[in-house]
Amino acid sequence: MFTQELDFKTTDLNTFPFPFRSDNYRYSNDLRKLEDTNLVTITPEYELQVRAKRRLLDEQPEVRYQSFPHTMEMQWEFLEMVFEMAVEKYPQHFELIKNGDEWTFKNNILKEEQTFTFGDPSTLPYEPYDFAGRHFHQDFVLMVNREDNFYLEIGQVSYAALFSAHWNTGMSFDEIHGPVPFVSRNGDNLIDRVRKFLLGINPGEPWTRINWNLMANRWDVNYETMDVWEPQRSLITPENAGKLVRLRVEEQKFYRMSRSNAILFVLNTQFLPLEDLQLRQEWFDLTYSVLQDIPEAMAEYKGIAPYLPQSVEYLRRVDEKLKNQALQTQEG
Amino acid sequence: MYNSPVLFFESVTLTEKLSPKTHFVKAAIICDEAYKEEAQQLQAQLYDTPSDTLIFENPADVRKFIVEQKMGTCFYIVANWDDAVTIFSTAVEEGVSEEELQVKTIGEKRKYVYCMKCFTPSEIDTQAKQVQCGCGAHLNVGPFYSKVRKGYIGYPFVPEAEGVM
Amino acid sequence: MRIAGNIPVKIDRIVQETSTIKRFRFVPTEDEKLPAFTGGSHLKTFVSDGETVYEREYSLISDPRNREYYEIAISKDPNSRGGSKHWHEAMKVGDELEISFPRNYFPLNPHAKHHVFYASGIGITPFLSMLQDIQFEQTVELHYAARTPEECAFYEELKEKYADITTFHFSRVEEPNRLTTDLMKEHRIGSHVYFCGPVSMVEEFRDAAFSYGYPERAVHFELFSSGLDNSNLEPFVVSLAESGKQIQVSEKETLLDALLREGVNAPYACKIGGCGSCEIEVVEGDVEHRDHFLSEENRKQRSTILTCCSRAKSTNLTIKL
């Protein structure tokens, strides 16, 4: 069975999408136009992440991948988009040879090659969306625009944060986020605002936002394993929080798919243990400042309430140590 | 469609008392034989709005009755839970939306929990907050409902860890 | 495959469909294939006469799955602000231009059992792609109004391919069969109605559908332009409740224009009051509603404004931004 105590973190800090910009960052609809519109990124952790993702998909296929039978055309649209993005950005790592509908995709990092007939799912070992998604480390969730909402019709999810492809399949954006209403300081229903914003996203105009959370000594937390990770959260102490608690950042990208009339959610999840925050002093300061000021309701919503105090205490001790060192250096 | 409305414990179409919905120009009433009086009471409140009534006997007749209705019709259902589910589902299959439906069920409602360990729904007491699934898993009954999974989410937990048995 | 921005294309065929309607076909100049789209989609075209850039939206009329070329049809509008006139008089085969990705504000409803399309004049265009994109075992019928068969664009094509589901409504022939709203009284339960044509026609059908008891979600419409009278507009001042900012909106610009000019991150999409993306809550002041999106009931219940076309009734308005 898949080990959740995986020692995985971002090693090239330049690839870590650090989420905080001001010191009172909370919830906001901080959507920005996506600058690098190509979703494929190769980091030092690429191979580790892709292999771990595939292991999860193989071990728990029903939990990690869901699709409806009517989505086949949408799946090919996705496959074509991501393969062409990969080839365009990293021609040394990926190749796509088209001979009419006979396509060959090569992944030179993993030394893999697959020839298939575009439009014929029987020529691939997995469904087209699943197959294509297995070459990239992100999670891919396709939410189809029907009436004025979005419905999860395909999901490949290997980094869940209180989410499950199995459970959430077929649900609307509102059903996934409701019935817990989350209201901003000025009383806006944030879910409603985000949904309306997503409705306005056009093909050719991708957007992005960053979401963050903490993760206590796990790769991911889904509903299926709640009995396992829920009790574990209280095992966090100020002494072990530096290693076991990781800042979990989810860089989200939104693409309107023109044939599917859907929004493709691309979720790039990266982790940084709290102890590694010291590698960049401003990251440490911002994170400490944000975490010690989290409202109760938000900590509950994010599922971090049971170990947030221990995490903040860890950061406080480090901060105190750093300040003492600075003082000693000055005096010395 | 996978995301079509279903009749569940908290469906917006459920009402304690049938009452004419404004906006519609015609009414179609489908009721169990035993609740004919309810239908008649509703009819009295409809005044000039034309209405058709069908006594529920079998699903085929229900479908025939529904597809003969025109746009602008509101459907009122009064039946026991199981019959109401049959009628509701048939209406939805024929394109009737929740706005065009009002349902009064008589007797016990049914509620289901979907076990996140064994992926099966099972019927539970409507008041239950914690249940044990047939597979052995202990479940907290959550607030989320899935039309695809046909139940409320059941979060698995270990009783000892929460101090509950 | 193109991911963002506009798509460069070339006109490779022009067909005079009627005395006032031309059909244009675009092929990609840089890309191997065009994106497939969904029935009811439109795109923006960007053409220039050297001085003015005409940014205009037209419905796609070609097969949504055809990625070799796109087709649109343009009616020469006698009140043209320059766009359709330029398209009719200056654009020729071989001309290159940029188009946006297709986008859809007029999609087919997935829950319908039966779709009924009501088209008047050039309003036929979105239905031409929708007819080719019916899914989920749904049925469809088309009602198409024109003055005469000669003025009825795509008459032969529709007769040939969709004879069994199409009814033509000609008003200036010997035995006229005018298009009237009471047809809608007879549609079976589970029907969804779609209107496209001049503003007056769309509003007549929309109001009639509601009076026949159609729920809002079964009524769909698209307008080719806002159809608004933009003369005699008054300037006003908008106050932003959240940032405390005050912005002057002149008689020449929309509220949305003014917000974007001042760098306010205001939502928007269609810019012709048809999609509701730019809806913002109003804190204080009365709104002169000029959109086609909010129903009368919406206007009474929700205190909101569609910034792309609606304005303040008096000199001041405070909105939640």
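Residues numbered from 1 in each chain as written. Chains lettered and ligands numbered in written order. Predicted model: local features only at pLDDT ≥ 70, side-chain atom pairs only at ≥ 80, totals over all residues. Heavy atoms only, no water.

Examining the overall build of chain A
Which entries qualify depends on this criterion: Labels follow the DSSP assignment, with helices taken as runs of H or I lasting at least four residues and strands as runs of E lasting at least two, numbered in each case from the N terminus. Buried, partly exposed and exposed residues are distinguished by accessible area as a fraction of the type maximum, computed with a 1.4 Å probe on protein chains only: under 20%, between the cut-offs, and over 50%, respectively. Should any heavy atoms of two residues lie within 4.5 Å, those residues are considered in contact. Residue exposure ignores everything except the shown protein chains as possible cover, and the areas themselves are Shrake-Rupley values with a 1.4 Å probe. We count Lys and Arg on the positive side and Asp and Glu on the negative side, and we leave His and both chain ends out. In this description, the location of a charge corresponds to atom NZ of lysine, CZ of arginine, CG of aspartate or CD of glutamate.
Looking only at helices and strands, one finds twelve helices and ten strands in chain A. The principal-axis extent of the C-alpha atoms belonging to chain A is close to 75 × 45 × 40 Å. Per-residue burial over chain A gives 60% buried out of 332 residues. Within chain A, contacts between residues separated by at least 24 positions form 73% of all contacts whose residues are at least 6 apart in sequence. Entry remark: accessible area of chain A is about 13300 Å², with carbon and sulfur atoms responsible for 50%. Once the 35 positive and 52 negative side-chain charges of chain A are each reduced to a mean point, those two points are 3 Å apart.

Comments concerning the sheet that holds strand S14 (residues 279-284) of chain C
Residue and element names in this part refer to chain C. Applicable threshold: DSSP-based pairing: two strands are paired if at least 2 bridges between them are found. In this analysis an axis means a line fitted to C-alpha atoms, helices contributing only their contacting stretch, and an angle means the value between N-to-C directions, from 0 to 180 degrees.
The strand order across the open sheet built from five strands is S13-S12-S18-S14-S16, with neighbouring strands paired in mixed fashion. The sheet terminates laterally at strand S13 (246-249) and strand S16 (304-306), the two strands that pair on one side only. Neighbour-to-neighbour, the strand axes of this sheet turn through a mean angle of 40 degrees, independent of strand direction. When strand S12 (residues 236-240) meets S13, the two strands line up antiparallel, connected through four bridges. By the bridge assignment for S13, Val 237 is matched with Gln 248.

Focus on the sheet that holds strand S5 (residues 112-117) of chain A
All names here are of chain A. An order of S3-S4-S5 is seen for the three strands of this open sheet, with the pairing classed as antiparallel. Each of the sheet's edge strands pairs with one partner strand only, and the pair in question is strand S3 (94-99) and S5. Each strand axis lies, on average, 15 degrees off the axis of its neighbour in the sheet, ignoring direction. When S3 meets strand S4 (residues 102-107), the two strands line up antiparallel, connected through six bridges. For Phe 94, the partnering residue across the bridge sits in S4 and is Asn 107. Sheet contacts for helix H3 (residues 72-89): S3, S4 and S5; angle to S3, the most-contacted strand, approximately 125 degrees.

Here we look at the interface of chain B and chain C
Put simply, an interface is often sized by how much accessible area is lost when its parts join up. Convention followed: Defined in terms of a 1.4 Å probe, buried area is the accessible area two parts forfeit on being brought together, summed over both. We count a salt bridge whenever a side-chain nitrogen from Lys or Arg sits within 4 Å of a carboxyl oxygen from Asp or Glu.
Between chain B and chain C, the residue contacts involve 21 residues of the former and 19 residues of the latter. Interface of chain B and chain C: buried area, both sides summed, is about 1600 Å²; carbon and sulfur atoms make up 60% of it. Contact with chain C buries area across many residues of chain B, yet Met 1, His 23 and Met 71 of chain B alone supply 39% of it, more than any other trio. Linking chain B with chain C are two salt bridges, by the criterion used here.

Observations concerning the confidence of the model for chain B
Put simply, the test is: On a range of 0 to 100, pLDDT expresses the predictor's confidence in each residue.
Confidence in the prediction of chain B, expressed as mean pLDDT, is 94, and 97% of residues score 70 or more. Complex prediction metrics read pTM 0.88 and ipTM 0.92.

A short note on unusual backbone geometry
Here the phi dihedral of Asn 261 of chain A falls at roughly 45 degrees; this positive angle occurs in a residue that is not glycine. For Asn 261 of chain A, the position within the fold is in the loop between strand S9 (245-257) and strand S10 (262-273). Asn 261 of chain A sits in the buried class, given a relative accessible area of 10%. At Tyr 47 of chain B, a residue that is not glycine, the phi angle is positive and equals roughly 50 degrees. Its place among the elements puts Tyr 47 of chain B in the loop between helix H1 (36-45) and strand S2 (51-55). When its relative accessible area of 72% is taken as the criterion, Tyr 47 of chain B is described as exposed.

Examining the domain arrangement of chain B
Here is the rule: Residue ranges labeled as domains rest on an automatic or database domain assignment.
When the domains of chain B are assigned, the result is domain 1 (26-106) and domain 2 (111-162). Summarising the inter-unit geometry, the C-alpha centres of domain 1 of chain B and domain 2 of chain B are found 32 Å apart.

Quick look at the interface of chain B and chain A
Going by this rule: For the purposes of these results, a polar contact is taken to be a pair of N or O atoms within 3.5 Å, where, inside protein, one atom must be able to donate a hydrogen and its partner to accept one; residues adjacent in sequence count only when each atom of the pair is a side-chain atom.
Every contact between the two is made by 23 residues of chain B and, on the other side, 27 residues of chain A. For the pairing of chain B and chain A, the buried interface totals around 2000 Å² over both sides, and the portion due to carbon and sulfur atoms is 67%. Connecting chain B to chain A are two salt bridges. Applying the counting rule to chain B against chain A returns eight residue pairs in polar contact (both at pLDDT 80 or more).

Here's the deal with the environment of Lys 64 of chain B
Residue and element names in this part refer to chain B. Its place among the elements puts Lys 64 in helix H2 (residues 59-67). When its relative accessible area of 52% is taken as the criterion, Lys 64 is described as exposed. Lys 64 sits 26 residues away from Thr 90 along the chain, and the two C-alpha atoms are 10.0 Å apart.

Brief notes about the side chain of Lys 147 of chain B
Within the secondary structure layout, Lys 147 of chain B lies in the loop between strand S8 (138-146) and strand S9 (151-157). For Lys 147 of chain B, a relative accessible area of 19% gives the class buried. A polar atom in the side chain of Lys 147 of chain B sits 3.3 Å from the side chain of Glu 175 of chain A. Excluding anything up to four places from it in sequence, Lys 147 of chain B contacts Glu 175 of chain A together with Tyr 2, Asn 3, Ser 4, Pro 5 and Val 6 of chain B.

Thoughts on the packing of aromatic side chains
To be explicit about the condition: Only Phe, Tyr and Trp rings are paired, with Trp represented by its six-membered ring, and only when their centres lie within 6.5 Å; those with planes under 30 degrees apart are stacked, over 60 edge-to-face, the remainder tilted. A ring has a charge above it when a Lys NZ or an Arg CZ is no more than 6 Å from the ring centre and no more than 35 degrees off the ring normal.
The tally for this structure, following the rule as stated, stands at 44 aromatic pairs over all chains. The interplanar angle of 5 degrees and the centroid separation of 3.6 Å between the aromatic rings of Phe 83 of chain A and Phe 105 of chain A together place this pair among those described as stacked. Highlighted residues: Phe 83 of chain A in helix H3 and Phe 105 of chain A in strand S4, separated in sequence by 22 residues. The burial state of Phe 83 of chain A is the same as that of Phe 105 of chain A; both residues are buried. Centroid distance Phe 24 of chain C to Trp 87 of chain C: 4.8 Å. Interplanar angle 70 degrees. Geometry classified as edge-to-face. Taken together, the residues Phe 24 of chain C in strand S2 (residues 21-28) and Trp 87 of chain C in helix H1 (residues 83-89) connect sequence positions 63 residues apart. On the basis of relative accessibility, which here comes to 0%, the residue Phe 24 of chain C falls in the buried class. On the accessibility criterion, Trp 87 of chain C (0% relative accessible area) is buried. Put simply, the rings of Trp 76, Phe 83, Phe 94, Trp 103, Phe 105, Phe 116, Phe 118, Phe 131 and Phe 136 of chain A touch in pairs and so form one group of aromatic residues. Stacked on the ring of Phe 271 of chain A, the Lys or Arg Arg 246 of chain A has its end atom at 4.4 Å from the ring centre. Above the ring of Trp 283 of chain A, the side-chain terminus of Arg 280 of chain A is found at 4.8 Å from the ring centroid.

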